[in-house]
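The lines below spell out each chain.
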Amino acid sequence: MIDTPGIELVAAEAAAAGARQLLIVTSPDKDAVAAHFAPQPELEATLKERGKDALLAKVRRASELIEVRTVTQAEPRGLGHAVGCAAGALADDEQAFAVLLPDDLVLPTGVLSRMAEVRAEHGGSVLCAFDIPGPEISAYGVFEVADTDDPDVKRVHGMVEKPPPDQAPSSFAAAGRYILDRAIFDALERVTPGAGGELQLTDAVALLISEGHPVHVVVHRGERHDLGNPGGYVRAFVDFALRDPDYGDELRAWLAARLEG
């Protein structure tokens, strides 16, 4: 967004929530994303020599955010399979991990920290949800939930993928943020692949729920941007640009004039 790749925004979000390591699941021969986080000593030296301190700080930021590793997903077999590829990266004492989908920007950042608090209180796995009333709900995975003492924390009893609006079990839709107990790896080995041999993460979560594993959602009262399609990316880019101190005022004036014309 503007001069910062979406994956760096996600890395910063994870680091702010206390994550020590970012594992990027990537396809074969596509290490360019991870390369973004590698130090660039020659470029940094040139920028420092020329006194371009602000640009130098931006270049250094990615490599200083968080330790980055990669794991290869040999073939595209769904989100559940991608998550399963990370099983070997967890240390024996790590009982949970976060999954952040980089094409889903959740704003403002901070929901991961709240989700970690909910896991500490209730155990199990914790997902992020948005309250999306009306017909738009049919485009999402929708949670069947029960209330808790906190109006923004719900116990999950099930999930329905893209239901008709009149059949949706709630108005709470899944977003691309998860804190998953490592029990998810065993569940992923036991679920049946769907169309195209894809393993669905939601199927594994549903299996855990059926076995009594506690699953909660944190309802995030903010915004989200879907970078996975051109229309969503354009909206996100404009939104970020309008907030940028260097470009915002000029862009706002240009857009106003453009829309009037």
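Definitions and limits used
Residues numbered from 1 in each chain as written. Predicted model: local features only at pLDDT ≥ 70, side-chain atom pairs only at ≥ 80, totals over all residues. Heavy atoms only, no water. UniProt positions renumbered as here; feature names shortened; annotations may be inferred. Core = buried A, V, L, I, M, F, W, Y, C linked by side-chain atoms within 4.5 Å. Buried < 20%, exposed > 50% of the residue type's maximum accessible area, 1.4 Å probe, protein only. Helix = DSSP H or I, 4+ residues; strand = E, 2+ residues; numbered from the N terminus. Domains from an automatic or database assignment. Contact = heavy atoms within 4.5 Å. Pairing = 2+ DSSP bridges. Axes fitted to C-alpha atoms, helices over the stretch in contact; angles between N-to-C directions. Parallel < 35°, antiparallel > 145°, perpendicular 65-115°, else oblique. Left-handed = near helix turned anticlockwise from the far one by under 90°. Nonpolar A, V, L, I, M, F, W, Y, C, P; charged D, E, K, R; others polar. Salt bridge = Lys/Arg side-chain N within 4 Å of Asp/Glu carboxyl O. Buried area = accessible area lost by both parts, 1.4 Å probe. Polar contact = N/O pair within 3.5 Å; in protein donor to acceptor, adjacent residues only side chain to side chain.

- The chain goes by UTP--glucose-1-phosphate uridylyltransferase in an unreviewed UniProt entry, where it is assigned to Pseudonocardia asaccharolytica DSM 44247 = NBRC 16224.
- You can read under Sequence similarities (unreviewed entry) in the UniProt record for the chain the words "Belongs to the UDPGP type 2 family."
- In its Catalytic activity (unreviewed entry) section, UniProt records this for the chain: "alpha-D-glucose 1-phosphate + UTP + H(+) = UDP-alpha-D-glucose + diphosphate".

**Concerning the nonpolar core**
- Among the nonpolar cores identified, the biggest contains 27 residues, and F37 and M115 are the most heavily contacted of them.
- Counting residues per element, the ones that place at least two in this core are α1 (6-16), β1 (21-26), α6 (111-122), β5 (125-131) and β8 (172-181).
- For this core, the two domains that each supply at least three residues are domain 1 (1-72) and domain 2 (95-228).
- What M115 contacts, discounting residues up to four positions off in sequence, is V126, L127, C128, R177, Y178, I179 and V218.
- V83, F185, V191 and I209 belong to the second largest nonpolar core, which has 26 residues in total.

**Describing the pairing of strand β9 (residues 215-219)**
- Of all the 5 residues making up β9, 5 are buried; the element is thus mostly covered by neighbouring parts of the structure.
- By the alternation rule, side chains of β9 split into V215, V217 and V219 and H216 and V218, which are all buried.
- Summarising the sheet, β5 and β9 pair through 5 bridges and their orientation is parallel. Bridge pairing in β9 places A129 opposite V219.
- With 3 bridges joining them, strand β7 (residues 153-161) and β9 adopt antiparallel strand pairing. Paired with K154 across the bridge in β9 is V217.

**Quick notes on the packing of α1 against helix α4 (residues 53-65)**
- The interhelical angle for the contact between α1 and α4, taken along N-to-C directions, is 50°, at an axis separation of 10 Å. With respect to α4, the axis of α1 lies oblique. Seen along the crossing, α1 lies across α4 with a hand that is left-handed. Contact residues: E8, A11, A12 and A15 in α1; R61, A62 and L65 in α4.
- Split by residue class, the contact of α1 with α4 holds 5 nonpolar, no polar and 2 charged.

**Considering the pattern of salt bridges**
- Under the defined criterion, the tally for this structure stands at 17 salt bridges.
- E223 is paired through a salt bridge with R243; the nearest N and O atoms lie 2.9 Å apart. Note that E223 is positioned in strand β10 (residues 223-226) and R243 in helix α9 (residues 230-243), a separation of 20 residues in sequence.
- Owing to a relative accessible area of 36%, E223 belongs among the partly exposed residues under this scheme.
- A cluster of three or more residues bridged by salt bridges with shared partners is formed by R114, E117 and D150.

**Re the UniProt feature "domain: Nucleotidyl transferase" (unreviewed entry) in the chain**
- Feature annotation in UniProt places "domain: Nucleotidyl transferase" (unreviewed entry) on residues 7-239, given in this structure's numbering.
- In this annotation, residues 7-239 is assigned 35% helix and 27% strand; the end-to-end C-alpha distance for the span is 17 Å.

**Examining the packing of helix α3 (residues 41-49) against α4**
- Direction vectors running N to C along α3 and α4 enclose 160°, while the axes themselves pass 9 Å from each other. The orientation of α3 with respect to α4, classified from their angle, is roughly antiparallel. For the crossing formed where α3 meets α4, the hand is left-handed. Taken together, the residues of α4 that come into contact with α3 (itself represented by L43, E44, L47 and K48) are L55, L56, V59 and R60.

**Focus: unusual backbone geometry**
- In this chain, L107 is followed by P108 through a cis amide linkage whose omega measures -15°.
- For P108, the position within the fold is in the loop between β4 (104-107) and α6.
- Look at K162: it is not a glycine, yet its phi comes out positive at around 50°.
- Residue placement: K162 occurs in the loop between β7 and β8.

**A look at the domain arrangement of the chain**
- Splitting the chain by domain gives domain 1 (1-72) and domain 2 (95-228).
- Between domain 1 and domain 2, the C-alpha centre-to-centre distance is 28 Å.
- In this assembly, 8 residues from domain 1 lie in contact with 9 residues from domain 2.
- Counting the surface lost from both domain 1 and domain 2, the interface buries some 730 Å², and carbon and sulfur atoms represent 76% of this.
- Sorting the residues of domain 1 by area buried against domain 2 places V10, E13 and A17 first, and these three jointly supply 64% of that buried surface.
- Where domain 1 touches domain 2, the interface holds 1 salt bridge.
- With a closest N to O distance of 2.9 Å, E13 and R177 form a salt bridge.
- Where domain 1 meets domain 2, there are 1 residue pair in polar contact (both at pLDDT 80 or more).
- Looking at side-chain class alone, the side of domain 1 that touches domain 2 contains 7 nonpolar, no polar and 1 charged residues.

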